[in-house]
Amino acid sequence: MNRFYFRGMNIKKTPNSRLSGFDWDNFSFGDTFTDHMVICEYENGEWKEPQLLPYGPISFTPAMMAVNYGQACFEGMKAYKDKNDDIFLFRIDKNYDRINKSSQRLGMPKIPKEIFYDGLYTLVDVDRGWVPYGEGLSLYLRPLIFATEEMLKARPAEKFLFAIVASPAKVYYSDPVAVKISDYYSRAASGGVGFAKAAGNYAASFLPTYLAQEEGYDQIIWTDDATHEKIEESGTMNVFVRIHDTLFTPPISDRILDGVTRDSFITLAKRRGIAVREENIYVNDLLKAYEGGTLQEIWGVGTAVVANSFKSFGYKDKRYPLPVLSEADSYASLLKKELVDIQTNLSEDAFGWRYLVEKKC
Ligand code: COI
């Protein structure tokens, strides 16, 4: 288990906590924010003192570069509470590396490790009452970096803000989803920003997803931009396909997000002796496996959803219902349980993935 003690930032707590008035039975993912947030400004080539402040609006003008040119990226992380009220973060080293890869690709400065780690620990520590305990519950953490300079010249900004907000979270999708394999739209292009958690990647996914929803699907399976023959991701998730008891997932590339949940699933599957192949998944091979009866399950993984099974997929004008597996027979369910047990301190942390957030503030 990992520990981290530094709590060096300026802390200004709110005198008006909203926690006691919060209705834990009536909220949905991403619609409620905790009492505090972390912010840290970047100007004149350096990051200033980070601060923990009461959560609330910050004012900017419409000339801010993030909204004009999309210089913005984020991370998705979670804090989990166990039955003793101990709180844990999960694999934050991976999120730290990734936010810097994202921000560098978008022409933004790296965030120092002390600011990223201390920001997370301080926010979770001060708002520990907002971390729910129970099945499927967690505190979703959203670190982000965006360009705050007022400037319309199309060049990298010189002023940025790093911020972290936190939001109590429950199950993202409660049921298996129907997905459409895209034969036109793609999420990312070679040489582009698909590997980054660039805010614009998500904006670009909204219209195709809406169009798929108009056809009765929940989500899209993105295919590669050059040929649309290879499966890449699904919605905001990495994707796993189980054929003949082997797991396939597309290899990491500049078009695929290096998902923390993806990596954790691969590690846990291998530990169980499940064969995992990180290789291209061709739509044609998927259809052949379906026709041949060897396609067993498909699911998406991500921090927000953990794992979400697909009940069917559509390609061109045809729909393909997938087998309904019991929890015991589904690799998605099995691996999800193993992962959540590690995250919530219900099982041994064999890989050193948990970070205890000790009470300091
Ligand atoms: C996450 O799983 O953290 C994501 O980034 C999905 C988010 C867009 C809700």
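Just above sits the structure.
Remember, predicted model here, so these are calculated numbers, not experimental data.

Asks: Just give me the short version of the overall build of the chain, but keep the residues and values in it.
Replies: Looking only at helices and strands, one finds seven helices and 21 strands in the chain. Over its C-alpha trace the chain gives a radius of gyration of 21 Å, about what one expects of a compact globule, namely 21 Å for 361 residues. When the backbone C-alpha atoms are referred to their principal axes, the chain occupies close to 60 × 55 × 35 Å. Residues counted as buried form 53% of the 361 residues belonging to the chain. At a minimum sequence separation of 6, the contacts of the chain that also span at least 24 residues come to 73%. Looking at the chain as shown, the accessible area adds up to about 16400 Å², and 49% of this sits on carbon and sulfur atoms. Looking at charge distribution, the chain has the averaged site of its 43 positive side-chain charges lying 2 Å from that of its 49 negative ones.

Asks: Any chance you could break down the nonpolar core for me, citing the residues and the numbers?
Replies: Membership of the largest hydrophobic core comes to 53 residues, with the highest contact counts inside it found for Trp47, Leu89, Ile111, Phe116, Leu141, Ile145 and Phe162. For this core, the element with the most residues is helix α3 (residues 113-126), which contributes eight residues. When sequence neighbours within four positions are dropped, the list of residues in contact with phenylalanine 162 reads Val38, Ile39, Cys40, Trp47, Ile99, Ile111, Ile115, Phe116, Pro143, Leu144 and Ile145. Judged by nonpolar contacts, the second largest core, of 23 residues, contains Val239, Val241, Phe248 and Tyr320.

Asks: Go over the pairing of strand β14 (residues 237-243), please, and point to the residues and values.
Replies: Burial runs high along β14: seven of the seven residues are buried. Sheet topology places strand β13 (residues 230-234) next to β14; two bridges connect them, and they run antiparallel. By the bridge assignment, glutamate 233 is partnered in β14 with asparagine 238. Between β13 and the antiparallel strand that follows it, β14, lie two residues; glycine 235 among them carries a positive phi value of about 55 degrees. In terms of strand pairing, β14 meets strand β15 (residues 246-249) through three bridges, oriented antiparallel. Bridging from a neighbouring strand, arginine 242 pairs with leucine 247 of β15. As consecutive antiparallel partners, β14 and β15 are separated by two residues, and within that stretch histidine 244 has a phi angle of approximately 50 degrees, a positive value.

Asks: Give a description of the pattern of salt bridges that names residues and reports values.
Replies: With the rule as written, the count across this model stands at 20 salt bridges. The network of salt bridges with common partners includes Arg242, Asp245 and Glu297.

Asks: An account of the environment of methionine 37 is requested, with residue identities and associated values reported.
Replies: Here methionine 37 lies in strand β3 (residues 36-43). Measuring from C-alpha to C-alpha, the distance between methionine 37 and aspartate 127 comes to 9.3 Å, with 90 residues separating the pair along the chain. Methionine 37 has contacts with Gln51, Leu52, Leu53, Pro54, Tyr55, Gly56, Ile58, Leu123, Ile164 and Val165, leaving out every residue within four places of it along the chain.

Asks: Lay out empty space enclosed by the protein in plain terms, naming residues and giving numbers.
Replies: Evaluated as defined, the whole model comprises two cavities of 30 Å³ or more. What lines the largest cavity is a set of 13 residues, among which Lys78, Tyr80, Phe90, Thr303 and Gln343 lie closest to the centre. Secondary-structure elements contributing two or more residues to the lining of the largest cavity are β7 (77-81), α5 (260-271) and α7 (331-343). It is β7 that contributes the most residues to the lining of the largest cavity, three residues altogether. A breakdown of the residues in the lining of the largest cavity according to their chemical character gives six nonpolar, six polar and one charged. Lining the second largest cavity, in full, are Arg187, Asn201, Tyr202, Ser205, Glu233, Gly235, Thr236 and Leu257. If you tally residues by element for the lining of the second largest cavity, the top one is helix α4 (residues 199-214), at three residues. Tallied by class, the residues present in the lining of the second largest cavity amount to two nonpolar, four polar and two charged.

Asks: Go over the layout of surface pockets, please, and point to the residues and values.
Replies: The space that makes up the largest pocket amounts to roughly 1200 Å³. As for the largest pocket, its lining consists of 48 residues, and the residues nearest its centre are Glu135, Glu327, Ser333, Lys336 and Lys337. For the lining of the largest pocket, the secondary structure elements donating two or more residues are β7, β18 (295-302), β19 (306-315) and α7. A total of eight residues in the lining of the largest pocket trace back to one element, the largest contributor, which is α7. Residue composition of the lining of the largest pocket, by class: 21 nonpolar, 14 polar and 13 charged. Considering only enclosed or pocket space, the second largest pocket measures out at about 510 Å³ in volume. Around the second largest pocket, the lining is made up of 32 residues, and of these Tyr172, Tyr202, Gly235, Thr236 and Ala304 lie nearest the centre.

Asks: Explain the environment of glycine 191 to me, using residue names and the numbers behind them.
Replies: Tracing the sequence through the fold places glycine 191 in the loop between β11 (177-181) and α4. Taking C-alpha positions, glycine 191 is 23 Å from leucine 144, a pair spaced 47 residues apart along the chain. For glycine 191, the residues in contact, after removing those within four places along its chain, are Arg105 and Asp254.

Asks: Report on the pairing of β15, specifying residues and quantitative values.
Replies: In β15, alternate side chains face the same way, and those of Thr246 and Phe248 on one face and Leu247 and Thr249 on the other are all buried. Pairing of β15 with strand β16 (residues 275-278), which is carried by four bridges, proceeds in the parallel orientation. Of the residues in β16, the one forming a bridge with threonine 246 is alanine 275. The parallel pair β15 and β16, bridged by α5, forms a crossover whose chirality is right-handed.

Rules behind the numbers
- Residues numbered from 1 in each chain as written.
- Predicted model: local features only at pLDDT ≥ 70, side-chain atom pairs only at ≥ 80, totals over all residues.
- Heavy atoms only, no water.
- Helix = DSSP H or I, 4+ residues; strand = E, 2+ residues; numbered from the N terminus.
- Rg over C-alpha atoms; globule rule 2.2 N^0.38 Å.
- Buried < 20%, exposed > 50% of the residue type's maximum accessible area, 1.4 Å probe, protein only.
- Contact = heavy atoms within 4.5 Å.
- Areas by Shrake-Rupley, 256 points an atom, 1.4 Å probe, with all protein chains shown as cover.
- Lys, Arg positive; Asp, Glu negative; His and termini not counted.
- Charge placed at Lys NZ, Arg CZ, Asp CG, Glu CD.
- Core = buried A, V, L, I, M, F, W, Y, C linked by side-chain atoms within 4.5 Å.
- Pairing = 2+ DSSP bridges.
- Salt bridge = Lys/Arg side-chain N within 4 Å of Asp/Glu carboxyl O.
- 1 Å grid on protein atoms, 1.4 Å probe; cavity = no way out; pocket = protein on both sides within 12 Å on 5 of 7 lines; lining within 4 Å.
- Points joined across faces, edges and corners; volume = space filled by probe spheres on them.
- Nonpolar A, V, L, I, M, F, W, Y, C, P; charged D, E, K, R; others polar.
- Right-handed = clockwise from strand over helix to strand, strands pointing away.

All we've got here are geometric facts, nothing functional implied.
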